[in-house]
Amino acid sequence: MKNIGIIVVLLGVLALIIPSFIGAQSNTTLAIGAIVLLIGAFLHVFVTKKSIDKN
């Protein structure tokens, strides 16, 4: 659970890389990848702050 933010960021990266390799890029795939990346970054900050506050 501690690394969930990093995992979500990596999923966002895959959401950007895979369409690039198969030639299926569109504004929708770029928007989805960007949104997943941002959610992962915020989630990482939130989870890290929570774990620091517990200690």
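Starting afresh in each chain, residues are numbered from 1 along the sequence in its written order. Two thresholds apply to this predicted model, a pLDDT of at least 70 for residue-level local features and 80 or more for giving and counting side-chain atom pairs, whereas whole-chain, interface and lining totals are computed over all residues. Processing note: side-chain calculations cover all non-hydrogen atoms of the structure and skip hydrogens and water entirely.

1. Structural notes on the packing of helix α1 (residues 4–22) against helix α2 (residues 27–54)
Spelled out, the test is: Axis definition: a line fitted to C-alpha atoms, over the contacting stretch in the case of helices. Angles run 0 to 180 degrees between N-to-C directions. Secondary structure follows DSSP: runs of H or I at least 4 residues long count as helices, runs of E at least 2 residues long count as strands, and numbering of each begins at the N terminus. Each angle receives one of four descriptions, namely roughly parallel if under 35 degrees, roughly antiparallel if over 145, roughly perpendicular if within 65 to 115, and oblique otherwise. For a crossing to be left-handed, the near helix must be turned anticlockwise from the far one by less than a right angle; the clockwise case is right-handed. Two residues qualify as a contact provided that any one of their heavy atoms is within 4.5 Å of a heavy atom in the partner residue. Under the scheme applied here, ten amino acids are nonpolar (Ala, Val, Leu, Ile, Met, Phe, Trp, Tyr, Cys and Pro), four are charged (Asp, Glu, Lys and Arg), and all others, including Gly, are polar.
The contact between α1 and α2 brings their axes to 7 Å, and the two run at 165°. One element, α1, and the other, α2, form an angle in the roughly antiparallel class. The interaxial crossing formed by α1 with α2 has left-handed handedness. Every residue of α2 that contacts α1 at Ile4, Gly5, Ile6, Val8, Val9, Leu11, Gly12, Val13, Ala15, Leu16 and Pro19 is listed here: Thr29, Leu30, Gly33, Ala34, Val36, Leu37, Ile39, Gly40, Ala41, Leu43, His44 and Val47. Here the contact of α1 with α2 is built from residues that sort into 17 nonpolar, six polar and no charged.

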